[in-house]
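The lines below spell out each chain.
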Amino acid sequence: MLALFLAPAWAGTWTILLPPDQRAAEWEEALELTGLTLAASESDSSARFRCTQGTCLLYIRNGDSWRSTTIPAPSSAEAREQIALKARSMLQARAEVHNTWQPDLGDFLEAEPPPAQPLPTFEIPAPPLAPFALTEPPPTRYIPHELATWSEALRPQLIISERPPLLLWGAASASGEQRSMSGPGVSGGVSGGISMLSSKLGLGLDLSGHSPTRVDASRAWSTWGAAGMLWVRPSERIQFAGLIGGHRLRFTDSGSVADTVQRTFAAADLSTPLGPLWLTARFTSDLSPITLYEVDQLGREEVLVEPDVLWSAAVGVRWWVGQ
């Protein structure tokens with residue numbers, strides 16, 4: 001900072017030429033701060049600046065040529081001070097570069113030092129390298145593909161199994177459902193089995209039961225059964241499952257068992273995670289129709305339900321274990 005204010009003593013007075021749209025009165029404080037004076041024309045100016053289309057350039061005289069640099073628009077007193085300080089610092093740097101004072105270096109240097117002696121060298125033979133041998137075979141273990149990443153320079157001695165392990169899984173479910181021939185009801189079930197392919201595919205057994213629902217005022221039916229289950233999970237938030245098996249239908253009349261029949265059924269469901277549980281929608285249908293009829297005391301038959309395929313649509317939640 002001291003050099004900034006002492007420079008005019010040997011560099012002369014520096015002048016700056018303002019554009020026509022600038023008022024000299026607004027620049028008095030900035031020029032007084034930096035020691036610059038206003039130039040009357042371009043020929044006797046040390047610096048000048050121009051602003052066109054939002055871009056302002058500061059020009060500093062360098063002999064017969066001009067050097068330029070970008071500056072902020074002079075829209076405030078602070079901006080005008082920055083422009084004046086920028087011009088002053090560039091003029092100071094130019095003056096220091098063109099200073100002709102060159103001291104005699106011999107006054108500061110001693111006699112030429114002696115040449116440096118070369119450093120001694122030593123030759124150390126490399127020790128012999130013994131081949132590395134494994135004392136025991138590397139362990140064989142399954143590593144998921146997403147974790148088997150390493151630097152090529154530090155590749156560990158691991159063997160990745162092509163057959164991933166089988167994992168056990170289990171689930172419990174509860175649903176509300178709508179059935180054919182009757183009104184709404186509830187159902188529940190448990191299932192379990194094995195999964196593979198990093199839990200993307202699973203096999204298992206599903207046991208389910210359906211609460212009694214009324215066909216009319218005195219008659220109702222319920223069912224329970226078992227089915228093989230195959231599910232696939234293409235993404236973390238979608239699971240499709242297919243089931244096929246058999247169930248036992250129990251019909252009651254005025255609270256007494258009227259008849260029981262066995263039927264083969266198929267089901268499909270779609271699940272998505274809902275917090276710690278999975279939201280599940282399942283559709284179940286028998287694979288063969290059924291006819292309900294009544295026989296009175298005289299042996300006469302009255303058809304209550306024409307041949308129909310029993311079905312149910314359920315929505316509920318499922319809790320998974322081992323997933």
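Predicted model, so just to flag it, every value in this text is computed and none were measured.

What the protein contains, in helices and strands, is four helices and 17 strands. For the protein, long-range pairs separated by at least 24 residues make up 51% of all intrachain contacts whose partners lie at least 6 apart in sequence.

In total, this model carries one disulfide according to the counting rule given. Between the sulfur atoms of cysteine 51 and its disulfide mate cysteine 56 the distance is 2.0 Å. Linking cysteine 51 and cysteine 56, the disulfide has an S-S dihedral of approximately 115° and is accordingly described as right-handed. Residue class for cysteine 51 comes out partly exposed when judged on its relative accessible area of 39%. Residue classification places cysteine 56 among the buried residues on the basis of a relative accessible area of 3%.

Checked against the element boundaries, threonine 284 lands in strand β14 (residues 277-286). Sequence separation of threonine 284 and phenylalanine 265 is 19 residues, and the distance between their C-alpha atoms is 7.0 Å.

Time to look at helix α4 (residues 77-97). The end-to-end C-alpha distance of α4, which contains 21 residues, comes to 30 Å, matching closely the 30 Å that a straight helix rising 1.5 Å per residue would cover. Within the span of α4, buried status applies to Ala79, Arg80, Ile83, Ala84, Ala87, Arg88, Met90, Leu91, Gln92 and Ala95.

Judged by pairing direction, the sheet is mixed, and its five strands sit side by side in the order β2-β1-β3-β4-β5 without closing on themselves. Looking at the sheet topology across the chains shown, the edges are occupied by β2 (37-38) and β5 (65-71). Bridge count for strand β1 (residues 15-17) against strand β3 (residues 47-52) is two bridges, and the pairing is parallel. When the sheet's bridge partners are listed, isoleucine 16 is paired in β3 with alanine 47. Along the sheet, α4 makes contact with β1, β3, β4 (55-62) and β5, crossing β4 at roughly 30°.

On average, the protein scores 80 in pLDDT, and the residues at 70 or more come to 76%. Here residues 1-11 is a poorly scored stretch, pLDDT under 50, and it has 13 contacts once near neighbours within four places are set aside; other chains count. pLDDT under 50 marks residues 100-105. Its contacts with residues more than four places away, or in other chains, come to one contact.

About the thresholds
- Residues numbered from 1 in each chain as written.
- Predicted model: local features only at pLDDT ≥ 70, side-chain atom pairs only at ≥ 80, totals over all residues.
- Heavy atoms only, no water.
- Helix = DSSP H or I, 4+ residues; strand = E, 2+ residues; numbered from the N terminus.
- Contact = heavy atoms within 4.5 Å.
- Disulfide = S-S within 2.5 Å.
- Buried < 20%, exposed > 50% of the residue type's maximum accessible area, 1.4 Å probe, protein only.
- Expected span 1.5 Å × (residues − 1).
- Pairing = 2+ DSSP bridges.
- Axes fitted to C-alpha atoms, helices over the stretch in contact; angles between N-to-C directions.
- pLDDT = per-residue confidence, 0-100.

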